[in-house]
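# Descriptive analysis of the structure
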Amino acid sequence: MRALILAAGEGSRLRPLTKDKPKALVELCDKTLLERQVSILQKAGITDIAIATGYKGEQIQELGFNCYHNPDYATSNMVYSLFNALPFLEREGDLIISYGDIVYELDNLKKIITSDAAVNVMVDKEWFKYWKMRFVDPLTDAESLILNDDGTIKELGLKTESYNDIQGQYIGLIKVRRDKLKALISFYHNQKIKKSSNIKDLNNMFLTDFIQLLINADWDIRAILISGGWLEVDSLKDLNLYEGLAKSKELDSYCRLDK
């Protein structure tokens, strides 16, 4: 089992904290996001960890991590950073892929590790409580996620004005089974992306766009359902909110840090 953390973005919504450091090195309750995620991975027995870097990536490299630098981070997106780490993807073993701006509880990580589906996507079925805490109107940020009756994902990542289109929220954590990695890489390299409002080209594709392309190509993408137990640090507002909840001992109802 290996893990690749996608940490190439500039984190502009966390300015001024990201003026002189990458987003993954911003601190949440006195530990960086990267420290927190690496600690949980190690508690689960995952020590083969690589980082896809970009903005100020040398600071992560200097910490001794195995890094794959995306020099085009300013003009590309997560999927490009993911496949820029191709040598790591091609190695043997199941692969965890994680956004660099999330933290999550060990129990949630164990759920996705132990699933034997080919491609596993972690989905928070109790998403509304968390989004309501962060946004006056959750629909301004939440994206569609529709499940099939067998627990696979039918649709995700689209803007919607209806709660009927939201059966959960993707949290930015994926596991690809070892025997599907070659096919995944081939699928990426063979894509001829059609023009649409969501997908412009391979370089600027969001990971949710790529997952939807897999779904459209009849890949079974399994939803691993959780009930909270994670946080996304997307903005300075998020960070200040979590720090305040931690001080008032209320953060545990959303995510137990270090657990």
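Provided above is the structure to which this section pertains.
Residues numbered from 1 in each chain as written. Predicted model: local features only at pLDDT ≥ 70, side-chain atom pairs only at ≥ 80, totals over all residues. Heavy atoms only, no water.

## Some details on the overall build of the protein chain
What the protein chain contains, in helices and strands, is nine helices and 13 strands. Expressed along its principal axes, the backbone C-alpha trace of the protein chain runs to roughly 50 × 45 × 35 Å. Within the span of the protein chain, comprising 259 residues, buried residues form 54% of the whole. Roughly 12,300 Å² of accessible area belongs to the protein chain as shown, and the carbon and sulfur atoms make up 47% of that amount. Positive and negative side-chain charges of the protein chain, numbering 34 and 38 respectively, have mean locations separated by a distance of 1 Å. (Helix = DSSP H or I, 4+ residues; strand = E, 2+ residues; numbered from the N terminus. Buried < 20%, exposed > 50% of the residue type's maximum accessible area, 1.4 Å probe, protein only. Areas by Shrake-Rupley, 256 points an atom, 1.4 Å probe, with all protein chains shown as cover. Lys, Arg positive; Asp, Glu negative; His and termini not counted. Charge placed at Lys NZ, Arg CZ, Asp CG, Glu CD.)

## Some remarks on the packing of aromatic side chains
Under the definition given, this model contains 16 aromatic pairs. Taken together, a centroid distance of 5.2 Å and an interplanar angle of 70° make the contact between tyrosine 130 and tryptophan 230 edge-to-face. With tyrosine 130 in helix α6 (residues 127-134) and tryptophan 230 in strand β13 (residues 230-232), this residue pair connects regions lying 100 residues apart in the sequence. For the pair tyrosine 130 and tryptophan 230, a shared accessibility class is recorded, and that class is buried. Among the aromatic side chains, those forming a connected cluster through ring pairs are Trp127, Phe128, Tyr130, Trp131, Tyr163, Trp230 and Tyr242. Stacked on the ring of tryptophan 131, the Lys or Arg arginine 134 has its end atom at 5.6 Å from the ring centre. Positioned above the aromatic ring of tryptophan 219, the side-chain terminus of lysine 180 is 4.6 Å from the ring centre. (Phe/Tyr/Trp six-rings, centres within 6.5 Å; stacked < 30°, edge-to-face > 60°. Lys NZ or Arg CZ within 6 Å of the ring centre and 35° of its normal.)

## Let's talk about the side chain of threonine 152
Relative to the assigned elements, threonine 152 resides in the loop between β9 (143-147) and β10 (153-159). Looking at threonine 152, its side chain comes within polar contact range of the side chain of aspartate 150, at 2.6 Å. Excluding its chain neighbours within four sequence positions, the residues that come into contact with threonine 152 are Leu147, Asp220, Ile221, Arg222 and Ala223. (Polar contact = N/O pair within 3.5 Å; in protein donor to acceptor, adjacent residues only side chain to side chain. Contact = heavy atoms within 4.5 Å.)

## A look at the pattern of salt bridges
Counted under the stated rule, the structure contains 13 salt bridges. In this structure, the salt-bridge partner of lysine 31 is aspartate 258, at a minimum N-O distance of 3.3 Å. Taken together, the residues span a long stretch of sequence, with lysine 31 in strand β3 (residues 31-32) and aspartate 258 in the segment after α9 (236-247) at a distance of 227 residues. For lysine 31, a relative accessible area of 33% corresponds to the partly exposed category. The shortest N-O distance in the salt bridge between aspartate 48 and arginine 91 comes to 2.4 Å. Of the two residues, aspartate 48 is situated in strand β4 (residues 48-53) and arginine 91 in the loop between α4 (86-89) and β6 (95-99); the sequence distance between them amounts to 43 residues. The class for aspartate 48 is partly exposed, based on a relative accessible area of 24%. Here the salt bridges do not stand alone but share partners, grouping Arg13, Lys23, Asp101 and Asp234 into one network. (Salt bridge = Lys/Arg side-chain N within 4 Å of Asp/Glu carboxyl O.)

## Quick notes on the pairing of strand β8 (residues 119-124)
Taking burial as the measure, the six residues of β8 include six buried ones, the bulk of the element. Every second residue of β8 is oriented toward a common face, with Val119, Val121 and Val123 on one face and Asn120, Met122 and Asp124 on the other, all of them buried. Where β8 meets strand β11 (residues 169-176), five bridges bridge the pair, whose relative direction is antiparallel. Bridging from a neighbouring strand, valine 123 pairs with tyrosine 170 of β11. As defined by bridge partners, β8 adjoins strand β12 (residues 221-226) across six bridges and the pair is classed as parallel. Bridge pairing in β12 places valine 123 opposite leucine 225. (Pairing = 2+ DSSP bridges.)

## A short note on the packing of α6 against α9
Relative orientation of the contacting elements α6 and α9 amounts to 105°, with a least axis distance of 10 Å. Regarding the angle of α6 to α9, the classification is roughly perpendicular. Of α9, the residues touching α6 (which contributes Tyr130, Met133 and Arg134) are Lys237, Asp238, Leu241, Tyr242 and Leu245. Of the residues contributing to the contact of α6 with α9, the split by class is five nonpolar, no polar and three charged. (Axes fitted to C-alpha atoms, helices over the stretch in contact; angles between N-to-C directions. Parallel < 35°, antiparallel > 145°, perpendicular 65-115°, else oblique. Nonpolar A, V, L, I, M, F, W, Y, C, P; charged D, E, K, R; others polar.)

## Overview of a negative patch on the surface
On the surface, Asp149, Asp150, Asp218 and Asp220 cluster together into a negatively charged patch. Within the secondary structure, aspartate 149 is located in the loop between β9 and β10. Judged by relative accessible area, which is 88%, aspartate 149 ranks as exposed. (Patch = residues over 30% accessible without salt bridge, like charges linked within 9 Å, V, L, I, M, F, W, Y side chains within 5 Å.)

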